[in-house]
Amino acid sequence: MNPKAAVVVYPGTNCDRDTYYALELAGFTPEYVDWHGDVKGYDLVVLPGGFSYGDYLRAGAVAAREPVSKSVRAYAEKGGLVLGICNGFQVLMEMGLLPGGLLENTSGTFICKWVDLEITDTDNPFLSRFKQGEKIKLPIAHAFGRYVKVGDPKVALRYVEDVNGSDEKIAGILSEDKNIFGLMPHPERAMEKLLGWDYGKNVFLSILDWIRGGNRVV
Amino acid sequence: MPQTYHFMIDIQYKGNVRDPRGETIRKVLVGEYNLPVTSLRIGKSVNIEVEADSPEEAEAIVRKACEELLVNPVVEQYEVRMI
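Keep in mind that what you see is a predicted model, and the values were worked out from it rather than measured.

Things to note about the overall build of chain A
In step 1: The helix and strand inventory of chain A stands at four helices and eleven strands.
In step 2: A compact globule built from 218 residues would reach a C-alpha radius of gyration of about 17 Å, and chain A, at 15 Å, matches this within 12%.
In step 3: Counting only C-alpha atoms and orienting by the principal axes, one finds that chain A spans roughly 45 × 35 × 35 Å.
In step 4: Within the span of chain A, comprising 218 residues, buried residues form 57% of the whole.
In step 5: Counting contacts in chain A only where the partners sit at least 6 residues apart, residues at least 24 apart contribute 71% of the total.
In step 6: Within the structure as shown, chain A displays about 8700 Å² of accessible surface, and the carbon and sulfur contribution to it stands at 50%.
In step 7: Side-chain charges in chain A split into 24 positive and 28 negative, and the spacing between the mean points of these groups amounts to 2 Å.

Set out below in structure tokens:
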């Protein structure tokens, strides 16, 4: 049986269908869970990208306080696997599940392009299929992607070149226990070579390996 | 009898956090208008009314609103002013 993945949908989320497609392609059985819902019982929870609540107040601020987010917190605190992509990363940060802040790009513009990235941590459920130091390409599409470092985050992904003014070119971080991964680039948009590169696939396959290895926590 | 109290909340990035919008606007004021602007930071203001039995209680409600949602204490700071 394929592992079950929840794709959390807030009003304004717009990468939910891409994420669903990517999960299915990788071998998960995805289901949508809306902002009133509960993520209990899933093998993986994905917070996809988009503009939840129109980025009102701050990107991710309102979504972070919705009922489903409370269930994501409970799930994460029990050790459940949570992947936050782009706006999902911003939501996780607003929930306080990942350290730091995500503010407007220093260019002042929305940036939508493929970028070069370096994998800086492979000893985790999300990136085990990559090699330490491996250079990959993923697309970014954000206005609020400038990572402001607070404390000493576990950095898993860095931009090779400075693209948005992020501290130390940080593009993705893990929680202390490494069960939560937030990143600004979009692995779900890099699943097939037909669309450029398919480095994103290894993110979802790494998670699958981890779950199939009997590491399920929740 | 509860009364309505009116506040302005000023929210700014903390001092060590860069504000690209403010930097851009400052450059325009200096470059296009030759004004000696040495620093400019753009924050946001929230115009808020609350019902309370006293000014102290009203301010406590506004501060709770800031801490729960309006302000992200990781990167922002705020001031509350009754008007």
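Once the structure has been displayed, the description carries forward.
Regarding the environment of B:Ser39
In step 1: Position of B:Ser39 relative to the elements: it lies in the loop between helix H1 (20-33) and strand E2 (44-52).
In step 2: Expressed as a C-alpha distance, the spacing of B:Ser39 and B:Pro55, which sit 16 residues apart in the sequence, is 34 Å.

A word on the packing of aromatic side chains
All names here are of chain A.
In step 1: Counted by the stated rule, this structure contains four aromatic pairs over all chains.
In step 2: Between Tyr20 and Tyr32, the ring centres sit 4.8 Å apart and the planes meet at 25°, which makes this aromatic pair stacked. Here the residue Tyr20 occupies a position in helix H1 (residues 16-26), and Tyr32 occupies one in strand E2 (residues 29-34), the gap between them amounting to twelve residues.
In step 3: Judged by relative accessible area, which is 23%, Tyr20 ranks as partly exposed.
In step 4: Judged by centre distance (5.4 Å) and plane angle (40°), the ring pair of Phe126 and Phe181 falls under tilted. Taken together, the residues Phe126 in the loop between strand E6 (111-119) and strand E7 (135-142) and Phe181 in strand E11 (residues 180-183) connect sequence positions 55 residues apart.
In step 5: In this structure, Lys4 packs its charged tip against the face of Tyr42, placed 4.9 Å from the ring centre.

Calculation rules
- Residues numbered from 1 in each chain as written.
- Chains lettered and ligands numbered in written order.
- Predicted model: local features only at pLDDT ≥ 70, side-chain atom pairs only at ≥ 80, totals over all residues.
- Heavy atoms only, no water.
- Helix = DSSP H or I, 4+ residues; strand = E, 2+ residues; numbered from the N terminus.
- Rg over C-alpha atoms; globule rule 2.2 N^0.38 Å.
- Buried < 20%, exposed > 50% of the residue type's maximum accessible area, 1.4 Å probe, protein only.
- Contact = heavy atoms within 4.5 Å.
- Areas by Shrake-Rupley, 256 points an atom, 1.4 Å probe, with all protein chains shown as cover.
- Lys, Arg positive; Asp, Glu negative; His and termini not counted.
- Charge placed at Lys NZ, Arg CZ, Asp CG, Glu CD.
- Phe/Tyr/Trp six-rings, centres within 6.5 Å; stacked < 30°, edge-to-face > 60°.
- Lys NZ or Arg CZ within 6 Å of the ring centre and 35° of its normal.

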